[in-house]
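Structural overview
Residues per chain, in single letters:
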Amino acid sequence: MRRRPARSLSAWSAAAVLVLCGAMLPRAHAQAPSDRIRVVATFSILADMVREVGGDRLDIQAIVGPNGDAHAFEPTPRDARALGAAQVLVRNGLGFEGWLPRLLDAAGFKGLDVVASDGVRPRVLGDEEQALEAHGHETHDHEPHGHGHAGDVDPHAWQDLSNGVIYVRNIARGLAAADPAHADEYRRRADAYALRLQDEDRAWRNDLEAVPPARRVMMTTHDAFGYLGQAYGIRIVSVLGLSSEAEPAAGALARIIDQIRDRGIRAMFLEKAVNPTLMRRITQETGARIGGTLYSDTLDAPGTPAGTYLGMFRWNARLILEAMRG
Amino acid sequence: MNLWLELLTQPFIDYGFMRRALAGAWALSFAAGPLGVFLVLRRLSLMGDAMAHAILPGVAVGFLTAGLSLSAMTLGGLVTGVVVALLAGLVSRLTPLREDASFAAFYLVSLGLGVLLVSLRGTNMDLIHVLFGTVLGLNDAALLLVTAVSSVTLLALAALFRVLVIECLDPLFLRAEGGAGAWAHMAFLLLLVLNLVAGFQVLGTLMVVGIMMLPATAARFWVRSVGSQMILAAALGAASSYAGLLVSYYQDVPASPAIILAAGLLYFVSVAIGPHGGILQLVRQSRQRRARLLESMGS
């Protein structure tokens, strides 16, 4: 009489364990087959581009969503699952997604890997800034600030709209390879989107013409706008070392203040999620104002003005123009 | 002579942020130094750093409800800090567990909860970095906060001084005499949390905890009584802040570490040559003892 309850207990627990194991098995094969191609983009800007090119044919997920920080991103098991089930991965490359190799391993991704920045001419971090500082002071306060060191490749190529066009064509090519049946449609949509990007590029250059060259300077806390500066002839004074992670040296801060005063910079731009106290201190001491928040490596939530790549660019452009006009 | 004077004062004359940094650091030193002396006495020296982590759930709740609002996050942090400190104090009073172990347990639970709460939102922003300020970024509100907290602390310490000292050194006596030792201790913990949280928001963790502990540990090598240690700790903190800011200005190193290292240098010097328990003193005394021994053997 005493043995039976024990046996039934162990039988029940064995059954429970089996059920649990079964429940934890990967669900991929249990999904209802859909004819939409599963695409995972590493961050929101790429996801938006993929959406423009692929439309309803695709089931798109972004790993780093809107307003996320792709530099400091920590993948979760959910991301690994999404990636494992994906057929196409669209990534930026140029060292932007430092967390991706480990995630790829963990996810067992076997699909098509599209590097959006294929064919982009990269620029090196610190180039602009060093050129600017050369005649000012000899010391270079380009401390590492969690994003990259001077000499690293700058990954923010999408800030130049002509690079955006390259991205779009690469994405179209990748989608066409994954889904040859609709290759023509992807190419058509990519061409249409590229035209819109080129129109925006022209409009922006037009607007910039109206700003005297001496005023074409902007100051940010993040060195994400190098391609923008290079492509459109804007001097970027990027105040490295003012990010949320690093605390600057008092001497560096003093020199930044001097620079603003000397160059007559009217407005400076905050990064999202950067501790704003230092920026506010600088604006109060120099009389420059905070020009607003620019979107450097993420989009805003869908439905907002900066929720798409084009929208983001227009948003940034408007704020930068306002700042330059003073 | 004039050149030295200029080197030592010009940065502060030229730049508002340097003046504010000095004012904020001095306000902090005057309050944190005395508090630190008590922490050392009560063997709670690691509490400051632990508290920086313990306030995370409050900060997270503040963030989850009000977004990136500094006041909401600071309030949340304050509430959590107070809860953790009081609970830990209560547990250490009612159970055999000592104060430091009790606090360690609570702060770890709090930290775990905080990390969980932060991950709920999905954005992977480092909340603590957003919350914590820097000595170079002091605006009017921040300066006001730190000086107000400092003033309140000094007044409260003056009122509670006797009770706190006896509570630290002979709690049984105080209890026997019917003294309000528990209340005084709770008040002390509240002051501590207030200084820490306000300090974190204004000056960052490294600086606050460093200015709280290093001058206090250095002071005990120079003077005996608690009162004079408190005064000396405040003075040493102020001196380190001044030196650190100058080094940060001239040598291009970040400000908070410079200040802390200056304080650290003072500490090492104190350990080496301080008259009350310093190593030099130790060596000299042992030599004198040996000389006396030899002399007494010889005669």
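Residues numbered from 1 in each chain as written. Chains lettered and ligands numbered in written order. Predicted model: local features only at pLDDT ≥ 70, side-chain atom pairs only at ≥ 80, totals over all residues.

In this section: the overall build of chain A. Summing up its helical and strand segments, chain A has 11 helices and 10 strands in all. Buried residues in chain A amount to 45% of all 326 residues. (Helix = DSSP H or I, 4+ residues; strand = E, 2+ residues; numbered from the N terminus. Buried ≥ 20, exposed ≤ 12 C-beta atoms within 10 Å, placed from the backbone.)

Another point: the overall build of chain B. Looking only at helices and strands, chain B features 14 helices and zero strands. In sequence order, the secondary structure elements of chain B are arranged as α-α-α-α-α-α-α-α-α-α-α-α-α-α. Counting the 299 residues in chain B, one finds 44% classified as buried. Long-range contacts, defined as pairs at least 24 residues apart, comprise 72% of the intrachain contacts of chain B with a sequence gap of at least 6. (Contact = placed C-beta atoms within 7 Å.)

Turning next to the nonpolar core. Core analysis: the largest hydrophobic core is formed by 165 residues, its most contacted members being A:Val39, A:Ala41, A:Val50, A:Val53, A:Val90, A:Ile171 and B:Val208. Top contributing element to this core by residue count: helix 2 (residues 16-41) of chain B, with 13 residues. Of the domains in this structure, domain 1 (32-122 + 161-192) and domain 2 (127-151 + 212-325) of chain A are the two that each give at least three residues to this core. Those residues in contact with A:Val53, other than ones at most four positions away along the chain, are A:Val168, A:Ile171, A:Ala172, A:Leu175, A:Tyr186, A:Arg189, A:Ala190 and A:Tyr193. (Core = buried A, V, L, I, M, F, W, Y, C linked by C-beta atoms within 7 Å. Domains from an automatic or database assignment.)

Residue and element names in this part refer to chain B. For chain B, per-residue confidence averages 88 on the pLDDT scale, and residues scoring 70 or more make up 96% of the total. Averaged pLDDT values over the elements of chain B bottom out at 62 in helix 7 (residues 127-131) and peak at 95 in helix 12 (residues 226-251). Reported for the predicted complex are a pTM of 0.68 and an ipTM of 0.74. (pLDDT = per-residue confidence, 0-100.)

Attention now moves to helix 1 (residues 2-14) of chain B. Taking 1.5 Å per residue, 13 residues should reach 18 Å; helix 1 of chain B reaches 17 Å between its end C-alpha atoms and fits that length. Counting buried positions along helix 1 of chain B gives one out of 13 residues, so the element sits mostly on the surface. (Expected span 1.5 Å × (residues − 1).)

Moving on, we come to the pairing of strand 2 (residues 58-64) of chain A. By the criterion of burial, strand 2 of chain A is predominantly enclosed, with five of the seven residues buried. Following the backbone out of strand 1 (residues 37-43) of chain A, through helix 2 (residues 44-54) of chain A and into the adjacent parallel strand 2 of chain A, one traces a crossover that is right-handed. (Right-handed = clockwise from strand over helix to strand, strands pointing away.)

The subject of this paragraph is the sheet that holds strand 4 (residues 112-115) of chain A. Residue and element names in this part refer to chain A. Across the sheet, four strands lie side by side as 2-1-3-4; this open sheet has parallel pairing. Since the sheet does not close on itself, it has two edges, and those belong to strand 2 and strand 4, each with one partner. Averaged over all pairs of adjacent strands, the angle between strand axes in this sheet comes to 20°, irrespective of strand direction. Helix 2 rests against strand 1, strand 2 and strand 3 (88-91) of the sheet, and its axis sits at about 150° to strand 1. (Pairing = 2+ DSSP bridges. Axes fitted to C-alpha atoms, helices over the stretch in contact; angles between N-to-C directions.)

At a minimum axis separation of 5 Å, helix 9 (residues 250-263) of chain A and helix 12 of chain B run at an interaxial angle of 55°. By the angle class used here, helix 9 of chain A and helix 12 of chain B are oblique. Across from A:Ala250, A:Gly251 and A:Ala254 in helix 9 of chain A, the residues of helix 12 of chain B making contact are B:Leu245, B:Ser248, B:Tyr249 and B:Tyr250. Residue composition of the contact of helix 9 of chain A with helix 12 of chain B, grouped by class: five nonpolar, two polar and no charged. (Parallel < 35°, antiparallel > 145°, perpendicular 65-115°, else oblique. Nonpolar A, V, L, I, M, F, W, Y, C, P; charged D, E, K, R; others polar.)

Another aspect to go through is the confidence of the model for chain A. All names here are of chain A. Overall, the prediction assigns chain A a mean pLDDT of 80, with 80% of residues at 70 or greater. Within the model, the stretch residues 28-32 combines pLDDT values under 50 with one contact to residues more than four positions away or in other chains. Every residue in residues 128-147 scores below 50 in pLDDT, and together they form 36 contacts with partners more than four places removed in sequence or on other chains.

To continue, consider the pairing of strand 1 of chain A. Residue and element names in this part refer to chain A. Within strand 1, six of the seven residues are buried, leaving the element largely enclosed by the surrounding structure. Bridging between strand 1 and strand 3 involves three bridges; their strand directions are parallel. Its bridge partner lying in strand 3, Val40 is registered against Leu89.

Residues and elements named next belong to chain A. Relative to each other, helix 6 (residues 161-178) and helix 7 (residues 183-209) sit at 175°, their axes nearing to 9 Å. As far as their axial angle goes, helix 7 and helix 6 are roughly antiparallel. Residue-level contacts link Leu161, Ser162, Gly164, Val165, Val168, Arg169, Ala172, Leu175 and Ala176 of helix 6 to Ala183, Tyr186, Arg187, Ala190, Tyr193, Ala194, Leu197, Gln198, Glu200 and Asp201 of helix 7. Tallied by class, residues from the contact of helix 6 with helix 7 come to 12 nonpolar, three polar and four charged.

All names here are of chain A. Phi is positive for Asn67, which is not a glycine, with a value near 60°. Mapped onto the elements of the fold, Asn67 is located in the loop between strand 2 and helix 3 (77-84). When the 18 C-beta atoms within 10 Å are taken as the criterion, Asn67 is described as partly exposed. The phi angle at Leu94 is positive, at roughly 55°, despite the residue not being glycine. With respect to the element layout, Leu94 can be found in the loop between strand 3 and helix 4 (100-107).

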